[in-house]
Amino acid sequence: MPEPDKKKAELKISGMHCATCAVNIEESISKIGTDTKAQVNFGTEKAQVEFDPAKVTLGTLEKAVKDAGYDVVNSEVTIKVGGMMCATCVETIGAALRELPGVVRVTVNLGTEKAYVTYNPSLSGIPDMKKAIEDAGYQYLGLSGEVSEEAEKKAREADLHEKFVRFVVGFAVSIPLMLAMYLPLPVSMQTLAYAMLVISTPVFVYVAAPIFRAAWISLSHRMLSMDVMYAMGTGVSFVASVMGTFGIILTHEFMFYDTAIMLAAFLMLGRYLEARAKGRTSDAIKKLAGLRVKVATVIREGTEREMPVEDVVVGDLVIVKPGASVPVDGIVTAGESYVNESMITGEPVPPLKTPGSHVVGGTLNTNSVLTVRAEKVGKDTVLAQIIQLVEDAQGSKPPVQRIADVAVTYFIPAVLIIAFGSFALWYFVFHETALFALTALISVLVVACPCALGLATPTAVTVGVGRGAELGVLIRNGEALELAGKVTTVVFDKTGTLTKGRPEVTDIVPVGIPEGTLLTLAASVEKNSQHPLAVAVVKAAQERGAKVEDAKNFDTFGGKGVAATVLDETVLVGNRAFLEERSVVIPPVTDSRITELEFEGKTAVLVAAGGELAGVIAIADQVKPTTQEAITRLREMGINVAMITGDNRRTAEAIAGRIGIERVIAGVLPQDKEAEVRAMQAKGEVVAFVGDGINDAPALAQADVGIAIGSGTDVAIESGDIVLVRDDLVDAVAAIQLSKKVMGRIKGNIFWAFAYNAALIPVAAGILYPSFGITFRPELAALAMAASSVTVVTLSLLLKSYIPEAKKGRNN
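We now turn to the structure provided with this report. (Residues numbered from 1 in each chain as written. Predicted model: local features only at pLDDT ≥ 70, side-chain atom pairs only at ≥ 80, totals over all residues. Heavy atoms only, no water.)

## Here we look at the overall build of the chain
Moving on, step 1. Assigned secondary structure in the chain consists of 27 helices and 30 strands.
Moving on, step 2. Per-residue burial over the chain gives 52% buried out of 812 residues.
Moving on, step 3. A fraction of 69% describes how many contacts in the chain between residues 6 or more apart in sequence connect residues 24 or more apart.
Moving on, step 4. Within the structure as shown, the chain displays about 35100 Å² of accessible surface, and the carbon and sulfur contribution to it stands at 57%. (Helix = DSSP H or I, 4+ residues; strand = E, 2+ residues; numbered from the N terminus. Buried < 20%, exposed > 50% of the residue type's maximum accessible area, 1.4 Å probe, protein only. Contact = heavy atoms within 4.5 Å. Areas by Shrake-Rupley, 256 points an atom, 1.4 Å probe, with all protein chains shown as cover.)

## Description of the nonpolar core
Moving on, step 1. With 97 residues, the main nonpolar core has L11, I13, M16, V490, F492 and I722 as its most contacted residues.
Moving on, step 2. For this core, the element with the most residues is helix α25 (residues 730-765), which contributes 11 residues.
Moving on, step 3. Counting 62 residues, the second largest nonpolar core, distinct from the first, contains A208, Y272, A781 and A784. (Core = buried A, V, L, I, M, F, W, Y, C linked by side-chain atoms within 4.5 Å.)

## Here we look at the packing of aromatic side chains
Moving on, step 1. All chains considered together, the criterion is met by 17 aromatic pairs.
Moving on, step 2. Consider the rings of F557 and F578, whose centres lie 5.4 Å apart with planes at 40°: the pair is tilted. Of this pair, F557 sits in strand β21 (residues 552-557) while F578 sits in helix α19 (residues 576-581), and the two are 21 residues apart along the sequence.
Moving on, step 3. Given a relative accessible area of 27%, F557 falls into the partly exposed group.
Moving on, step 4. Here the aromatic residues F164, F167, F171, F266 and Y272 are joined through ring pairs into a cluster of three or more.
Moving on, step 5. For R166, the ring lying beneath its charged end belongs to Y206, and the centroid distance is 4.5 Å.
Moving on, step 6. Over the aromatic face of F557 sits the side chain of R582, whose NZ or CZ is 4.6 Å from the ring centroid. (Phe/Tyr/Trp six-rings, centres within 6.5 Å; stacked < 30°, edge-to-face > 60°. Lys NZ or Arg CZ within 6 Å of the ring centre and 35° of its normal.)

## With respect to the packing of helix α1 (residues 19-30) against helix α2 (residues 58-67)
Between two packed helices, what matters for the description is the angle formed by their axes and the separation of those axes.
Moving on, step 1. In contact at an axis separation of 8 Å, α1 and α2 are set at 135° when each is read in the N-to-C sense. The angle between α1 and α2 falls in the class oblique. In this structure, the crossing between α1 and α2 has a hand that is right-handed. Contacts from I25, S28 and I29 of α1 reach α2 at L61, A64 and V65.
Moving on, step 2. Residue composition of the contact of α1 with α2, grouped by class: 5 nonpolar, 1 polar and no charged. (Axes fitted to C-alpha atoms, helices over the stretch in contact; angles between N-to-C directions. Parallel < 35°, antiparallel > 145°, perpendicular 65-115°, else oblique. Left-handed = near helix turned anticlockwise from the far one by under 90°. Nonpolar A, V, L, I, M, F, W, Y, C, P; charged D, E, K, R; others polar.)

## Examining the environment of A64
Moving on, step 1. On the secondary structure map, A64 appears in helix α2.
Moving on, step 2. The class of A64 is buried, set by a relative accessible area of 5%.
Moving on, step 3. Once you skip the residues sitting within four places of it in the chain, A64 turns out to touch S28, I29 and I32.

## With respect to the sheet that holds strand β4 (residues 71-73)
Moving on, step 1. One open sheet holds the 4 strands; their spatial order is β2-β3-β1-β4, and the pairing between them is antiparallel. For this open sheet the edge positions go to β2 (37-41) and β4, each flanked by a neighbour on one side alone. Looking at each pair of strands side by side, their axes are set apart by 35° on average, direction ignored.
Moving on, step 2. As judged from the 5 bridges shared by β2 and strand β3 (residues 46-51), these two strands associate in the antiparallel manner. Paired with Q39 across the strands is Q48, a residue of β3.
Moving on, step 3. Taken strand by strand, α1 contacts β1 (7-14), β2 and β3, and its axis lies near 165° from that of β2.
Moving on, step 4. Against the sheet, α2 contacts β1, β3 and β4, and its axis sits at roughly 35° relative to β1. (Pairing = 2+ DSSP bridges.)

Structure follows, in structure tokens:
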């Protein structure tokens, strides 16, 4: 967490194309000093920066990024402003907006009465700008057009188009040049050399310009990047060709014009494919963001008005018509309709919403008009919190990323040593031709690729976290993702987690009277009590159609039971001791049945009428429908399962026995659950604690992974390391399986990246030449380099379709 006097900003970065780019940006920002810290994610192309706003401005951060050779992509918005009359108004509004944290540039046009604002949405939003304008004494008239997403899309498309044109031009010229080197042409070699120089020079400059530009910026900041190596590889090829053309030290056999252009073209092709693939890693976030509603119909002063959703305030009554999306979180005040919540919860069946029901923004009203009172708007809505959590998680680094970070630090110096070392060995030690030695040097410079290492973790985390959100599993950060895959023990809180958290009637044992009569007698008395057991009895009577009569002379007896007169009969409802004190005889058969029920962990409520036992009603906190399946699946995965509860051991073990849990920790107060988790961790266990996030927050925090189980759209986003949107324990299993899958993919990506470099750099250096006569042409080296990055991103993208084993065959 940032210190109280510091702010945390998220910068969108453009222009990154390898892992060292992220390192360069981090180093450039850290040079600002004043304890400014940055964490750059190459996969999501974002930087998380912690800084002191009193000493560092957003402009300073942006300049540091640009000095490193990259760009910051900010959001842009055009605001209509009322009340401006002169140039002073322009300056006043501009100053008010510039004072907001995160505002980069402001241009106010008096003629059009608009303010054009460039800003960082992680620090300030539209509501903040609205308040600043109104506090300055002017009118906020709404948005002329939100252009940030469109601007980002256009920037991405323009970047892809530029790369596409460059590599197409490169191949269109280099292939004919390569053919010209081998085909018998009716011209002299010198003439051919001059022709190639004239043709290839402008093409090489155009295709390789981004590489040399980035390399120059890196060197000007005394940094080594992959662009420096690529510039050296392509540059050496071209310069050698020029020297060979004019006979300066080298001969015509050193003409690499086709190779130089083809190298640059392959590099552009690799970056084009990589950028396209990376653009798809954030599809889940784009899908969630697409659920945001832009316009709401609000009742103001008795009339319906359409307005931007950011103008809706808490307490407003919002009209949601059939086929429209709910714009805010709120409570239904009028109307009945089925609302499709699958986009948030994954539940396929739309629940019926009636007055008093909770609805959330982004869900779809299907068949009737609803009136909703706004309870949460803007960044406080469930959808906004989910998007923020997913974005934060996608930008975080799991600990395994440190392996790649350390490797990248030493990678480029090592490659440069190998490249120049191979040239020296082949030319000076083994006395190979300069052409051979130079080819080896160029191949090593071009084939080396730390980009695959840099992409291995962030792309998998981005896609995996996004996939989790689609499955109703919200993962807070990379560390939780990694630890969840290492869990050895899962501890479940009992009440409200394994069980429904509310008592329900499970068994009805009438004695000499019909079952309905027994329920009528008991419910008629219990309706006067607010005890949870009494509520369960009344509910059971209503669900089974038993009539609830009026009761007279209702009385309670010290927590043992209650009594009342129903249909002129004295009815007693309570425990065994209560009835025995009043001389009610319990037949041996019924007494045996009561013992059985109590052994099963159920509470036996005895009912007597007219001095005779009328029957027994058993009540228990029922196990959730998916509890048994979740426990079984965890045990099949080799994970230990434990239950922790404040209940007595007999009741706890009865429930645990039914669902297959062998390890029971009973009689534990809520505040002591944390200590039990700590004791398990002291034995070397990696513990996941699953709870409802209400009374077990300390245990959730103490566990290696706290898994908070939600209840559909009413989910506490901040309650755990992993938050389950649905009240379904199978999702806890799915979360662990997803984490294992993502971590497996990360490790596979890192292995591939290391293996690729470990195998191909020596081949490029010529290690196979003495024994097998195999060399690595620079063009093929460039193709292999491009393929390595694209492979890693593609492997990560496969997670988009991953379905955890626990979710297969289920309707969600």
